[in-house]
Amino acid sequence: MEIRPRINRWTHSRRNLVFGQSIAESLVQPHFVVSGKGVNEQIHGMPGINRQSSDVLIKQISDDLSIGITSHMIFGVLEDQHKDENGTSAADDQMPLQQTVRKLKEKFGDQIVVMTDSCLCTSTAHGHCGLIQDGVIVNDASVDMLVKISLSHANSGADYVCLSDMMDGRVRSVRRAFEEKGMRSTGVLSYSVKYASSFYGPFRDAASSAPTFGDRSSHQMDPRSDYKEAILEAEMDVREGSDILMIKPGLPYLDVLREVSSKVNRPVAVYNVSGEYSMVMEHATDVENRHKMVVEILGSFKRAGADIIVSYHTREAVGRGWV
Ligand SMILES: [Zn+2]
(Lines give C-alpha, C1' and ligand atoms only; values in the text may rest on other atoms or scores of the structure.)
Protein backbone atom coordinates (compact mmCIF):
# COMPACT_ATOMS: atom_id res chain seq x y z
CA MET A 1 0.00 0.00 0.00
CA GLU A 2 1.30 3.43 -0.90
CA ILE A 3 1.52 5.83 2.00
CA ARG A 4 1.25 9.45 1.03
CA PRO A 5 1.13 12.30 3.49
CA ARG A 6 -1.70 14.68 2.71
CA ILE A 7 -0.19 18.03 1.96
CA ASN A 8 -3.41 19.85 2.80
CA ARG A 9 -3.29 18.32 6.27
CA TRP A 10 -1.80 21.54 7.55
CA THR A 11 -2.93 24.08 4.99
CA HIS A 12 -6.67 24.13 5.39
CA SER A 13 -7.52 22.26 8.50
CA ARG A 14 -7.83 23.19 12.12
CA ARG A 15 -4.23 22.22 12.48
CA ASN A 16 -3.06 25.41 10.90
CA LEU A 17 -3.60 26.71 14.42
CA VAL A 18 -0.12 25.45 15.19
CA PHE A 19 1.61 26.79 12.11
CA GLY A 20 1.43 30.50 12.70
CA GLN A 21 4.07 32.93 11.60
CA SER A 22 4.50 34.73 14.90
CA ILE A 23 6.37 33.27 17.86
CA ALA A 24 3.17 33.22 19.96
CA GLU A 25 1.30 31.25 17.32
CA SER A 26 4.16 28.77 16.99
CA LEU A 27 4.37 27.88 20.66
CA VAL A 28 3.27 24.56 22.15
CA GLN A 29 2.92 24.05 25.92
CA PRO A 30 4.05 20.63 27.25
CA HIS A 31 2.12 18.96 30.09
CA PHE A 32 2.58 15.88 32.28
CA VAL A 33 -0.51 13.93 33.28
CA VAL A 34 -0.66 11.48 36.19
CA SER A 35 -3.44 9.38 37.68
CA GLY A 36 -5.52 10.46 40.67
CA LYS A 37 -7.55 13.55 41.52
CA GLY A 38 -6.48 17.01 42.57
CA VAL A 39 -2.80 16.20 41.97
CA ASN A 40 -0.66 19.25 41.18
CA GLU A 41 2.97 18.64 42.13
CA GLN A 42 5.90 20.76 41.09
CA ILE A 43 8.63 19.05 39.11
CA HIS A 44 12.12 19.27 40.53
CA GLY A 45 14.33 21.63 38.53
CA MET A 46 11.41 22.94 36.44
CA PRO A 47 9.68 25.77 38.36
CA GLY A 48 6.22 26.51 36.96
CA ILE A 49 5.84 23.03 35.43
CA ASN A 50 3.76 20.50 37.34
CA ARG A 51 2.67 16.91 37.17
CA GLN A 52 -1.12 17.10 37.16
CA SER A 53 -4.02 14.70 37.35
CA SER A 54 -6.57 14.86 34.57
CA ASP A 55 -9.02 17.18 36.41
CA VAL A 56 -6.28 19.71 37.26
CA LEU A 57 -4.76 19.52 33.78
CA ILE A 58 -8.07 20.15 32.04
CA LYS A 59 -8.56 23.26 34.17
CA GLN A 60 -4.97 24.28 33.40
CA ILE A 61 -5.47 23.92 29.65
CA SER A 62 -8.74 25.84 29.90
CA ASP A 63 -6.83 28.69 31.62
CA ASP A 64 -4.06 28.45 29.00
CA LEU A 65 -6.62 28.68 26.22
CA SER A 66 -8.14 31.79 27.78
CA ILE A 67 -4.77 33.56 27.41
CA GLY A 68 -4.37 32.34 23.84
CA ILE A 69 -2.37 29.12 24.06
CA THR A 70 -4.03 26.74 21.61
CA SER A 71 -1.41 24.01 21.14
CA HIS A 72 -0.64 21.45 23.82
CA MET A 73 1.64 18.44 24.04
CA ILE A 74 0.78 15.82 26.65
CA PHE A 75 3.07 13.23 28.21
CA GLY A 76 1.49 10.41 30.18
CA VAL A 77 3.35 9.59 33.40
CA LEU A 78 2.72 6.08 34.68
CA GLU A 79 3.26 4.76 38.17
CA ASP A 80 5.58 1.81 38.73
CA GLN A 81 2.62 -0.54 39.18
CA HIS A 82 1.62 0.13 35.57
CA LYS A 83 5.06 -0.51 34.13
CA ASP A 84 6.19 -3.83 32.72
CA GLU A 85 8.78 -5.22 30.34
CA ASN A 86 6.62 -4.59 27.27
CA GLY A 87 5.20 -1.18 28.17
CA THR A 88 1.64 -2.44 27.58
CA SER A 89 -0.11 0.16 29.77
CA ALA A 90 0.84 2.94 27.36
CA ALA A 91 -1.65 1.47 24.86
CA ASP A 92 -4.45 1.20 27.43
CA ASP A 93 -7.40 3.48 26.60
CA GLN A 94 -8.17 3.88 30.32
CA MET A 95 -4.79 5.40 31.26
CA PRO A 96 -4.70 9.08 32.35
CA LEU A 97 -3.33 10.36 29.03
CA GLN A 98 -6.05 8.79 26.89
CA GLN A 99 -8.80 9.80 29.33
CA THR A 100 -7.55 13.37 29.39
CA VAL A 101 -7.38 13.63 25.60
CA ARG A 102 -10.94 12.35 25.27
CA LYS A 103 -12.22 14.90 27.80
CA LEU A 104 -10.24 17.74 26.24
CA LYS A 105 -11.57 17.07 22.75
CA GLU A 106 -15.11 16.75 24.11
CA LYS A 107 -14.80 20.04 25.91
CA PHE A 108 -12.76 22.15 23.50
CA GLY A 109 -13.06 20.38 20.14
CA ASP A 110 -11.16 22.20 17.43
CA GLN A 111 -10.32 25.18 19.63
CA ILE A 112 -7.20 23.36 20.73
CA VAL A 113 -4.61 21.15 19.09
CA VAL A 114 -3.70 18.14 21.21
CA MET A 115 -0.40 16.41 20.57
CA THR A 116 0.38 13.23 22.48
CA ASP A 117 3.75 11.68 23.18
CA SER A 118 3.99 8.10 21.98
CA CYS A 119 6.98 6.23 23.35
CA LEU A 120 7.86 3.27 25.53
CA CYS A 121 10.18 4.88 28.08
CA THR A 122 7.37 6.00 30.38
CA SER A 123 5.69 2.58 30.45
CA THR A 124 8.57 0.08 30.45
CA ALA A 125 10.07 -1.04 33.76
CA HIS A 126 13.58 -0.53 32.34
CA GLY A 127 12.84 3.00 31.06
CA HIS A 128 14.17 2.51 27.54
CA CYS A 129 12.36 3.81 24.46
CA GLY A 130 12.21 0.31 22.97
CA LEU A 131 11.68 -3.26 24.12
CA ILE A 132 14.70 -5.17 25.39
CA GLN A 133 15.73 -8.72 24.59
CA ASP A 134 19.00 -10.14 25.91
CA GLY A 135 20.08 -6.71 27.03
CA VAL A 136 19.63 -4.97 23.66
CA ILE A 137 16.79 -2.94 22.15
CA VAL A 138 14.87 -4.90 19.53
CA ASN A 139 13.58 -2.62 16.80
CA ASP A 140 10.67 -4.45 15.18
CA ALA A 141 8.91 -5.63 18.34
CA SER A 142 9.26 -2.08 19.67
CA VAL A 143 7.65 -0.68 16.52
CA ASP A 144 4.70 -3.09 16.88
CA MET A 145 4.10 -1.80 20.39
CA LEU A 146 4.48 1.84 19.31
CA VAL A 147 1.78 1.25 16.69
CA LYS A 148 -0.59 0.01 19.42
CA ILE A 149 0.17 3.03 21.60
CA SER A 150 -0.31 5.45 18.70
CA LEU A 151 -3.62 3.87 17.67
CA SER A 152 -4.86 4.21 21.23
CA HIS A 153 -3.94 7.92 21.25
CA ALA A 154 -5.59 8.49 17.86
CA ASN A 155 -8.67 6.67 19.10
CA SER A 156 -8.89 9.08 22.05
CA GLY A 157 -8.93 12.02 19.64
CA ALA A 158 -5.31 13.21 19.53
CA ASP A 159 -4.71 15.62 16.64
CA TYR A 160 -1.06 14.61 16.38
CA VAL A 161 0.67 11.55 17.68
CA CYS A 162 4.29 12.41 18.42
CA LEU A 163 6.79 9.60 17.89
CA SER A 164 9.71 10.41 20.18
CA ASP A 165 11.40 7.02 20.18
CA MET A 166 13.75 7.06 17.12
CA MET A 167 13.19 3.37 16.22
CA ASP A 168 13.66 2.59 12.52
CA GLY A 169 10.55 2.34 10.36
CA ARG A 170 8.08 3.44 13.04
CA VAL A 171 6.68 6.37 11.06
CA ARG A 172 5.74 4.14 8.14
CA SER A 173 4.15 1.53 10.42
CA VAL A 174 2.12 4.06 12.42
CA ARG A 175 0.99 5.92 9.30
CA ARG A 176 -0.01 2.66 7.65
CA ALA A 177 -2.00 1.60 10.72
CA PHE A 178 -3.82 4.96 10.73
CA GLU A 179 -4.70 4.58 7.05
CA GLU A 180 -5.92 1.03 7.54
CA LYS A 181 -8.13 2.00 10.46
CA GLY A 182 -9.47 5.04 8.63
CA MET A 183 -7.94 7.47 11.13
CA ARG A 184 -7.45 10.13 8.54
CA SER A 185 -7.58 13.15 10.79
CA THR A 186 -4.69 12.21 13.07
CA GLY A 187 -1.32 13.54 11.97
CA VAL A 188 2.11 12.14 12.72
CA LEU A 189 4.86 14.25 14.23
CA SER A 190 8.16 12.40 14.29
CA TYR A 191 11.26 13.16 16.28
CA SER A 192 13.47 12.91 13.22
CA VAL A 193 16.64 14.43 14.57
CA LYS A 194 16.99 13.60 18.24
CA TYR A 195 20.38 13.65 19.87
CA ALA A 196 21.57 11.58 22.83
CA SER A 197 21.80 14.84 24.74
CA SER A 198 22.83 15.72 28.27
CA PHE A 199 20.03 18.34 28.40
CA TYR A 200 17.20 15.88 29.15
CA GLY A 201 17.78 15.40 32.90
CA PRO A 202 14.84 17.28 34.47
CA PHE A 203 12.41 15.77 31.91
CA ARG A 204 13.31 12.22 32.85
CA ASP A 205 12.49 13.07 36.42
CA ALA A 206 9.23 14.73 35.31
CA ALA A 207 8.12 11.82 33.14
CA SER A 208 9.63 9.14 35.36
CA SER A 209 11.40 7.75 32.30
CA ALA A 210 15.11 7.52 33.14
CA PRO A 211 16.69 4.28 31.90
CA THR A 212 17.53 1.91 34.78
CA PHE A 213 20.67 0.76 32.92
CA GLY A 214 22.70 1.87 29.90
CA ASP A 215 21.87 4.94 27.83
CA ARG A 216 20.10 5.87 24.60
CA SER A 217 23.08 6.15 22.31
CA SER A 218 22.01 3.08 20.31
CA HIS A 219 18.97 4.84 18.85
CA GLN A 220 19.48 8.55 19.51
CA MET A 221 22.01 10.48 17.45
CA ASP A 222 25.56 11.27 18.44
CA PRO A 223 25.77 14.99 19.36
CA ARG A 224 29.00 15.17 17.35
CA SER A 225 27.46 13.86 14.12
CA ASP A 226 27.35 16.11 11.05
CA TYR A 227 24.49 17.62 9.04
CA LYS A 228 24.36 14.77 6.58
CA GLU A 229 23.01 12.36 9.16
CA ALA A 230 20.42 14.90 10.31
CA ILE A 231 19.21 15.52 6.75
CA LEU A 232 19.17 11.79 6.04
CA GLU A 233 17.04 11.06 9.12
CA ALA A 234 14.66 13.90 8.28
CA GLU A 235 14.25 12.83 4.64
CA MET A 236 13.64 9.25 5.72
CA ASP A 237 10.76 10.34 7.96
CA VAL A 238 9.28 12.43 5.13
CA ARG A 239 9.33 9.41 2.83
CA GLU A 240 7.66 7.31 5.52
CA GLY A 241 4.79 9.79 5.79
CA SER A 242 5.60 12.13 8.65
CA ASP A 243 3.62 15.39 8.70
CA ILE A 244 5.91 17.37 11.02
CA LEU A 245 9.57 16.80 11.83
CA MET A 246 11.04 17.49 15.26
CA ILE A 247 14.57 18.58 16.10
CA LYS A 248 15.56 17.97 19.74
CA PRO A 249 17.15 19.59 21.75
CA GLY A 250 16.94 23.17 20.51
CA LEU A 251 19.64 25.59 21.62
CA PRO A 252 22.76 23.52 20.91
CA TYR A 253 21.34 22.51 17.50
CA LEU A 254 20.13 25.76 15.93
CA ASP A 255 22.42 25.09 12.98
CA VAL A 256 20.77 21.70 12.42
CA LEU A 257 17.33 23.31 12.67
CA ARG A 258 18.31 25.85 10.04
CA GLU A 259 19.78 23.16 7.78
CA VAL A 260 16.80 20.78 8.04
CA SER A 261 14.13 23.48 7.71
CA SER A 262 15.75 24.84 4.57
CA LYS A 263 16.19 21.42 2.93
CA VAL A 264 13.06 19.48 3.85
CA ASN A 265 9.59 20.32 2.62
CA ARG A 266 7.67 19.77 5.84
CA PRO A 267 6.89 21.95 8.85
CA VAL A 268 9.73 21.70 11.34
CA ALA A 269 9.30 21.74 15.11
CA VAL A 270 11.98 22.31 17.71
CA TYR A 271 11.96 21.16 21.35
CA ASN A 272 13.33 23.70 23.81
CA VAL A 273 14.09 20.92 26.31
CA SER A 274 13.97 20.70 30.10
CA GLY A 275 17.71 21.25 30.63
CA GLU A 276 17.61 24.44 28.55
CA TYR A 277 14.58 25.62 30.53
CA SER A 278 16.21 24.86 33.89
CA MET A 279 19.33 26.83 32.99
CA VAL A 280 17.23 29.93 32.36
CA MET A 281 14.99 29.48 35.40
CA GLU A 282 17.93 28.94 37.69
CA HIS A 283 19.84 31.93 36.41
CA ALA A 284 17.10 34.48 35.73
CA THR A 285 15.04 34.49 38.89
CA ASP A 286 13.77 38.05 38.37
CA VAL A 287 11.10 38.51 35.74
CA GLU A 288 12.73 41.34 33.78
CA ASN A 289 15.92 39.42 33.28
CA ARG A 290 13.99 36.30 32.27
CA HIS A 291 11.80 38.27 29.88
CA LYS A 292 14.81 39.31 27.81
CA MET A 293 16.35 35.85 27.84
CA VAL A 294 13.18 34.03 26.83
CA VAL A 295 12.44 36.43 23.98
CA GLU A 296 16.01 36.04 22.75
CA ILE A 297 15.83 32.23 22.89
CA LEU A 298 12.40 31.88 21.26
CA GLY A 299 13.41 34.40 18.60
CA SER A 300 16.48 32.34 17.77
CA PHE A 301 14.33 29.28 17.07
CA LYS A 302 12.10 31.28 14.77
CA ARG A 303 15.06 32.80 12.97
CA ALA A 304 16.59 29.35 12.50
CA GLY A 305 13.43 28.22 10.71
CA ALA A 306 11.14 26.65 13.34
CA ASP A 307 7.45 26.49 12.40
CA ILE A 308 6.58 25.07 15.81
CA ILE A 309 8.34 25.65 19.14
CA VAL A 310 7.66 23.28 22.01
CA SER A 311 8.74 25.15 25.12
CA TYR A 312 8.17 25.18 28.88
CA HIS A 313 8.40 28.97 28.63
CA THR A 314 5.18 29.09 26.59
CA ARG A 315 2.77 29.94 29.43
CA GLU A 316 4.86 32.74 30.86
CA ALA A 317 5.86 34.15 27.45
CA VAL A 318 2.29 34.28 26.19
CA GLY A 319 0.73 35.13 29.56
CA ARG A 320 2.96 38.14 30.14
CA GLY A 321 2.68 39.24 26.52
CA TRP A 322 6.40 38.81 25.80
CA VAL A 323 5.78 37.32 22.36
ZN1 LIG B 1 11.23 7.56 24.96
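Our structure's up above, just so we're on the same page.
As a starting point, this report considers the structure included with it. Note that the structure is a prediction, hence the values are computed from the model and not measured.

Side chains Tyr160 and Cys162 project from strand S8 (residues 160–163) onto one buried face, and the interleaved Val161 and Leu163 project onto a second face that is buried too. Sheet topology note: the S8/strand S9 (residues 187–194) ladder contains four bridges and is parallel. Bridge pairing in S9 links tyrosine 160 to glycine 187. Crossover S8 to S9 through helix H5 (residues 170–180) is right-handed.

This brings us to the packing of helix H3 (residues 96–108) against helix H4 (residues 139–156). At a minimum axis distance of 8 Å, the contact between H3 and H4 shows a crossing angle of 25°. Classified by the angle between their axes, H3 and H4 sit roughly parallel to one another. Within the contact between the two elements, H3 uses Gln98, Val101 and Arg102 and H4 uses Ser152, His153 and Ser156. Its residues placed into classes, the contact of H3 with H4 shows one nonpolar, four polar and one charged.

This paragraph deals with the packing of helix H2 (residues 54–66) against H3. Closest axis-to-axis distance for the H2/H3 pair is 10 Å, and the angle between their directions is 40°. The pairing of H2 with H3 is recorded here as oblique in orientation. Read as a crossing pair, H2 and H3 show a hand that is right-handed. Residues Ser54, Leu57, Ile58, Ile61 and Leu65 of H2 form the contact with H3, whose participating residues are Pro96, Gln99, Thr100, Lys103, Leu104, Lys107 and Phe108. When its residues are assigned to classes, the contact of H2 with H3 shows seven nonpolar, three polar and two charged.

With respect to the element layout, glycine 319 can be found in helix H11 (residues 314–319). As for glycine 319 and isoleucine 69, which are separated by 250 residues in sequence, their C-alpha atoms are 8.7 Å apart.

With 13 residues, H2 should reach 18 Å at 1.5 Å per residue; the first-to-last C-alpha distance of 18 Å fits that figure. Tucked into the core, H2 has its buried residues touching strand S1 (27–34), strand S3 (50–53), strand S4 (71–76), H3 and H11. Looking at the residues trailing H2, positive phi occurs at glycine 68, about 105°.

Conventions we followed
- Residues numbered from 1 in each chain as written.
- Predicted model: local features only at pLDDT ≥ 70, side-chain atom pairs only at ≥ 80, totals over all residues.
- Buried ≥ 20, exposed ≤ 12 C-beta atoms within 10 Å, placed from the backbone.
- Helix = DSSP H or I, 4+ residues; strand = E, 2+ residues; numbered from the N terminus.
- Pairing = 2+ DSSP bridges.
- Right-handed = clockwise from strand over helix to strand, strands pointing away.
- Axes fitted to C-alpha atoms, helices over the stretch in contact; angles between N-to-C directions.
- Parallel < 35°, antiparallel > 145°, perpendicular 65-115°, else oblique.
- Contact = placed C-beta atoms within 7 Å.
- Nonpolar A, V, L, I, M, F, W, Y, C, P; charged D, E, K, R; others polar.
- Left-handed = near helix turned anticlockwise from the far one by under 90°.
- Expected span 1.5 Å × (residues − 1).

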